[in-house]
Amino acid sequence: MPHLDLLTQSLARNVRHWRTERGYTLDALAARAGVSRGMVIQIEQARTNPSIGTVVKIGDALGVSITTLLDYEQGPKVRIVPADQAVRLWTTRGGSYNRLLVGAEAPGPFEMWEWRLAPGEGSPSDPHPQGTVELLHVTSGELSLVVDGVVHRVPQGAGATFEANVAHAYRNDGAEPVEMTLAVSVPYER
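Small disclaimer: the values here were computed from a predicted structure and weren't measured.

Participant: Hey, could you run me through helix α3 (residues 37-44) in this one?
Facilitator: The periodicity of an α-helix, 3.6 residues per turn, causes residues three or four places apart in sequence to face the same way. Every buried residue of α3 is accounted for by V40, I43 and E44. Mapping the buried residues of α3 onto a view down its axis gives an arc of 95°, with all of them on the same face. One or two steps after α3, the chain reaches A46, where phi turns positive at roughly 55°.

Set out below in structure tokens:
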């Protein structure tokens, strides 16, 4: 686990970097994040250890992940995410789940997910920002991909891509589990 001072310094450096990259003033970032200008200044000067909630708000306002804001390693931009550090955000009693395998900023958030859908289960999604693209590859079963109310069958071994700025859902209408890898690219909007 990195030392707290190292994380505080990294957070300061990264918030300052991304605020400048996005062209935000201190006031603009504070307003977008819903935090005080003083808090942003304290973070950028490494004078505070903000709550995780504050870091999430600032990351959302900047359009970058928490991982990016807390990235404390210097040097070439290679990051290995061990299997046991993949984050499971959704799970059901039926055995369905998704896991965030790895993410990056390119130039907005770019993520790769592992999904498992048990027979008869599904997961709806609200529209993402304009310009969001999803790519998926089904490794087992047959996915029912619903985009803007239209069902598309994606069999094992096939891939699909779609613009995700409309309501969409992933469903398993079959008798066998569906397993897939999903990549999501969300553009950064100034």
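The rest of the description comes next.
Participant: Sorry, what's going on with the environment of E163 here?
Facilitator: Assignment of secondary structure puts E163 in strand β8 (residues 159-163). The exposure class assigned to E163 is exposed, which follows from its relative accessible area of 56%. Put simply, E163 and V147 are 16 residues apart on the chain and 8.8 Å apart in space, counted from C-alpha to C-alpha.

Participant: Looking at this model, I keep getting lost on the side chain of S125. Mind explaining?
Facilitator: Of note, S125 is situated in strand β4 (residues 122-125). Exposure remark for S125: the relative accessible area of 18% places this residue in the buried category. Beyond its immediate chain neighbours, meaning those up to four positions away, S125 contacts A167, H168 and A169.

Participant: Would you explain helix α2 (residues 26-33) in this entry?
Facilitator: The set of residues buried in α2 consists of L26, L29, A30 and A33. Taken around the axis of α2, the buried residues stretch over an arc of 100°, which confines them to a single face. G34 sits one or two residues past α2 and shows a positive phi near 75°.

What counts, and at which threshold
- Residues numbered from 1 in each chain as written.
- Predicted model: local features only at pLDDT ≥ 70, side-chain atom pairs only at ≥ 80, totals over all residues.
- Heavy atoms only, no water.
- Buried < 20%, exposed > 50% of the residue type's maximum accessible area, 1.4 Å probe, protein only.
- Helix = DSSP H or I, 4+ residues; strand = E, 2+ residues; numbered from the N terminus.
- Arc of directions from axis to C-beta.
- Contact = heavy atoms within 4.5 Å.

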